[in-house]
2 protein chains.
Amino acid sequence: MNIGQAAQASGVSAKMLRYYENVGLLAKAVRTEAGYRVYSESDVRTLRFVKRARDLGLPLDRIKLLIGLWQDEDRASADVKRIATEHAAELRAKIAEWTQMCEALENMAEACHGDHRPECPILDEMAEGAQDFTTLPSVSASKLKAGRQAPRTGTQRAVQGVMR
Amino acid sequence: MNIGQAAQASGVSAKMLRYYENVGLLAKAVRTEAGYRVYSESDVRTLRFVKRARDLGLPLDRIKLLIGLWQDEDRASADVKRIATEHAAELRAKIAEWTQMCEALENMAEACHGDHRPECPILDEMAEGAQDFTTLPSVSASKLKAGRQAPRTGTQRAVQGVMR
DNA sequence: ATGGGGCTTCCCATCGTGGGAAGGTCAAGT
DNA sequence: ACTTGACCTTCCCACGATGGGAAGCCCCAT
């Protein structure tokens, strides 16, 4: 079976098949005389394994370990469990972090009128205490040489302009 | 103020300051004659704004929009709110996805004894229906030429070996 | 024999961040 | 004045996993 067929049969793109092989997640595929990669049903099973593990969010290095255990008749299920629980814990941590960010954003958005007026608690929160717009130049003007690499073409914002 | 001081004052690394400038999130910094970037208090306020927005998980392109609105006296808070709620919605979607992955993993781990024996529902789940190990070669052996690019040195795993 | 689709490799882009090398600059201490 | 160490500059590379695309070869069916 060629790479395209293996891809379709496993749900992993051909591009990824080559990549997995390159980075050592999969063994180098057998080739035809013409250099075409050839896959067996057994290979497809491995690919489906990888696909499911990826769908669970596992990174490739952990999947590599799992494949090793999967093919090891003498494995201890404790090793597999450890990998799974470690990943789950990392996911939980990330989820907590993102939930915090998300709730903060939602709270701010809720406090925002969302109309045509400029007042906005979201921006206020992000600027937090930046009401003081007094500019305190900390370098004497004599030492300055405006934008050697930034030729400063035409219209430039007064305070801090956003480029491009 | 030099880049290191601006970095410390804002909580954004000097490396990131240069990067933000390169990708156009920030205006090109004023330079001293020697080419050193010089930052004002006003710049540091912008940097802190960026830092807080990053901490909320906002991508740089959205932060660029926010800075534009922040500096626009005639902004409509609705525009800010839309950006925030869009990002929050994307976060929620991601969180839901990761929560599903996480729960699946936790369920599997819970079902796993986690002892010295090889039986493991986690692996079973990932292999899902891969009990049939009959190999069906789909290419006639005459067309094969073992590993032109994979010289197949010495010990190789029987079925699908993990490399490196 | 020709055409189209599949395969190969190689390069690039993403997104934000860090590491490091090679070389110039500044300020403080001798 | 000179040295030294800390700082700055640019440039390149790496991550992780994926997609896009180009140039060129291969295989099969018409």
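Being a predicted model, the structure only gives us computed values, none of them experimental. Sequence order sets the numbering: in each chain, residues are counted from 1 along the sequence as written. Chain letters and ligand numbers both follow the written order, the letters beginning at A and the numbers at 1. For a predicted model such as this one, the threshold for reporting local features is a pLDDT of at least 70, and the threshold for listing and counting side-chain atom pairs is 80 or more; totals across whole chains, interfaces and linings nevertheless cover every residue. Water and hydrogen atoms play no part in the side-chain values, which are based on all heavy atoms of the structure.

Details of the packing of helix α4 (residues 60-70) of chain A against helix α5 (residues 77-111) of chain A
All names here are of chain A.
Right, on to step 1. Axes, fitted as lines to C-alpha atoms, cover a helix only where it is in contact. Angles between the N-to-C directions of the axes lie from 0 to 180 degrees. Only runs of H or I of at least four residues qualify as helices and only runs of E of at least two qualify as strands under DSSP, and these elements are numbered from the N terminus. Packing of α4 against α5 leaves a shortest axis separation of 10 Å and a crossing angle of 160°. Regarding the angle of α4 to α5, the classification is roughly antiparallel. The handedness of the crossing between α4 and α5 comes out as left-handed. Here α4 contributes R62, L65, L66 and L69 to the contact with α5, which in turn contributes D79, V80, I83, E86, H87 and E90.
Right, on to step 2. Under the scheme applied, nonpolar residues are Ala, Val, Leu, Ile, Met, Phe, Trp, Tyr, Cys and Pro; charged residues are Asp, Glu, Lys and Arg; polar residues are all the others, including Gly. Residue composition of the contact of α4 with α5, by class: 5 nonpolar, 1 polar and 4 charged. Angles are sorted into four bins: roughly parallel if under 35 degrees, roughly antiparallel if over 145, roughly perpendicular if 65 to 115, and oblique for all others. For any pair of crossing helices, the crossing counts as left-handed if the nearer helix is rotated counterclockwise from the farther one by less than a right angle, and right-handed if it is rotated clockwise. Any pair of residues with heavy atoms lying within 4.5 Å of one another is described as a contacting pair.

Some details on the protein's contact with DNA strand D
Right, on to step 1. Every one of the 19 residues lining DNA strand D counts as a neighbour, but K15, Y20 and L60 of chain A together with G4 and R18 of chain B are closest to it.
Right, on to step 2. Being near a molecule or strand, for a residue, means having at least one of its heavy atoms within 4 Å of it. Per the 4 Å cut-off to the protein, sugar and phosphate atoms form 67% of the nearby atoms of DNA strand D.
Right, on to step 3. Definition of a polar contact: a pair of N or O atoms within 3.5 Å, with one able to donate and the other able to accept a hydrogen when the atoms are protein atoms, and with sequence-neighbouring residues admitted only if both atoms are side-chain atoms. For DNA strand D, a phosphate oxygen lies 2.8 Å from a polar atom in the backbone of L60 of chain A.
Right, on to step 4. Within the side chain of R18 of chain B, one N or O atom sits 2.8 Å away from a phosphate oxygen of DNA strand D.
Right, on to step 5. Elements that contribute at least two residues to the surface near DNA strand D include exactly α2 (14-22) of chain A together with α1 (3-10) of chain B.
Right, on to step 6. In terms of residue count, α2 of chain A provides more of the surface near DNA strand D than any other element does, 4 residues in total.
Right, on to step 7. The residue makeup of the surface near DNA strand D, split by class, is 9 nonpolar, 5 polar and 5 charged.

Considering the side chain of R37 of chain B
Right, on to step 1. With respect to the helices, strands and loops of the structure, R37 of chain B is situated in strand β2 (residues 37-38).
Right, on to step 2. Apart from residues no more than four positions distant in its own chain, R37 of chain B is found in contact with M1, N2, I3, R18, E21, A29, V30 and R31 of chain B.

A word on the pattern of salt bridges
Right, on to step 1. Salt bridge criterion: a side-chain nitrogen from Lys or Arg within 4 Å of a carboxyl oxygen from Asp or Glu. Tallying each qualifying case throughout the model produces 18 salt bridges over all chains.
Right, on to step 2. Residue R117 of chain A pairs with D115 of chain A through a salt bridge whose shortest N-O separation is 2.5 Å.
Right, on to step 3. Residues R37 of chain B and E21 of chain B are paired through a salt bridge, measuring 2.9 Å at the closest nitrogen-oxygen approach. With R37 of chain B in strand β2 and E21 of chain B in helix α2 (residues 14-22), this residue pair connects regions lying 16 residues apart in the sequence. Neither R37 of chain B nor E21 of chain B differs from the other in exposure class; each is buried.
Right, on to step 4. Members of the salt-bridge network, linked through shared partners, are R62, R82, E86 and E90 of chain A. Exposure classes here rest on a 1.4 Å probe applied to the protein chains alone. A residue is buried below 20% of its type maximum, exposed above 50%, and partly exposed in between.

Here's the deal with a nonpolar patch on the surface
Residue and element names in this part refer to chain A.
Right, on to step 1. On the surface, a cluster of nonpolar side chains totalling about 230 Å² of accessible area is made up of M16, Y19 and V23.
Right, on to step 2. Note that Y19 resides in helix α2.
Right, on to step 3. By relative accessible area, which is 39% here, Y19 ends up partly exposed. Surface patches are drawn from residues lacking salt bridges whose relative accessible area is over 30%; two like charges belong together within 9 Å, two nonpolar side chains (Val, Leu, Ile, Met, Phe, Trp, Tyr) within 5 Å. All accessible areas in this document rest on Shrake-Rupley with a 1.4 Å probe, and a residue is counted as covered only by the protein chains that are shown.

Some remarks on the confidence of the model for chain A
Right, on to step 1. One confidence number per residue, pLDDT, is output by the predictor and ranges from 0 to 100. Confidence along chain A averages 82 in pLDDT terms, with 78% of residues attaining 70 or more.
Right, on to step 2. When pLDDT is averaged over each helix and strand of chain A, the minimum, 40, is found for strand β3 (residues 144-145) of chain A and the maximum, 97, for strand β2 (residues 37-38) of chain A.

Let's talk about the protein's contact with DNA strand C
Right, on to step 1. In the vicinity of DNA strand C lie 19 residues, with R18 and Y36 of chain A together with K15, Y20 and L60 of chain B positioned nearest.
Right, on to step 2. Within 4 Å of the protein, atoms of DNA strand C come from sugar and phosphate in 64% of cases.
Right, on to step 3. R31 of chain A places a side-chain nitrogen or oxygen 3.0 Å from a phosphate oxygen of DNA strand C.
Right, on to step 4. Going through the elements one at a time, α1 (3-10) of chain A together with α2 of chain B are the ones with two or more residues in the surface near DNA strand C.

A word on α4 of chain A
Each α-helix turn comprises 3.6 residues. Residues three or four places apart therefore point the same way.
Right, on to step 1. The complete set of buried residues in α4 of chain A reads R62, I63, L66, I67, L69 and W70 of chain A. Down the axis of α4 of chain A, the sector holding all buried residues measures 160°, keeping them to one side.
Right, on to step 2. Buried residues in α4 of chain A make contact with α3 (41-55) and α5 of chain A together with α6 (121-127) of chain B. As used here, the arc is the angular range of directions from the helix axis to the C-beta atoms.

Quick word on the nonpolar core
Right, on to step 1. The nonpolar core is taken to be a set of buried Ala, Val, Leu, Ile, Met, Phe, Trp, Tyr and Cys residues, with the residues joined through side-chain atoms within 4.5 Å. Ranked by size, the top nonpolar core spans 82 residues in total, and within it L17 and I122 of chain A together with L17 and I122 of chain B carry the most contacts.
Right, on to step 2. In this document the domain limits rely on a domain assignment from an automatic tool or a database. Residues from two domains meet in this core; each of domain 1 (3-58) and domain 2 (76-125) of chain B gives at least three.
Right, on to step 3. Excluding anything up to four places from it in sequence, I122 of chain B contacts V80, K81 and A84 of chain A together with M108, A109 and C112 of chain B.

Describing the packing of aromatic side chains
Right, on to step 1. Two rings belonging to Phe, Tyr or Trp (six-membered ring only in the last case) form a pair when the distance between their centres is within 6.5 Å. Interplanar angles under 30 degrees mark stacking, angles over 60 mark edge-to-face geometry, and anything in between is tilted. Evaluation of the coordinates by the stated rule reveals 5 aromatic pairs over all chains.
Right, on to step 2. Aromatic side chains F49 of chain A and W70 of chain A sit 4.3 Å apart centroid to centroid with 15° between the ring planes, which places their arrangement in the stacked category. Of the two residues, F49 of chain A sits in helix α3 while W70 of chain A sits in helix α4, which places them 21 residues apart along the sequence. Of the two residues, F49 of chain A and W70 of chain A, both sit in the buried class.
Right, on to step 3. Note on Y19 of chain B and Y20 of chain B: the rings are 6.1 Å apart at their centroids and 55° apart in plane angle, and the pair reads as tilted.
Right, on to step 4. Judged by relative accessible area, Y20 of chain B falls into the buried class, the value being 6%.

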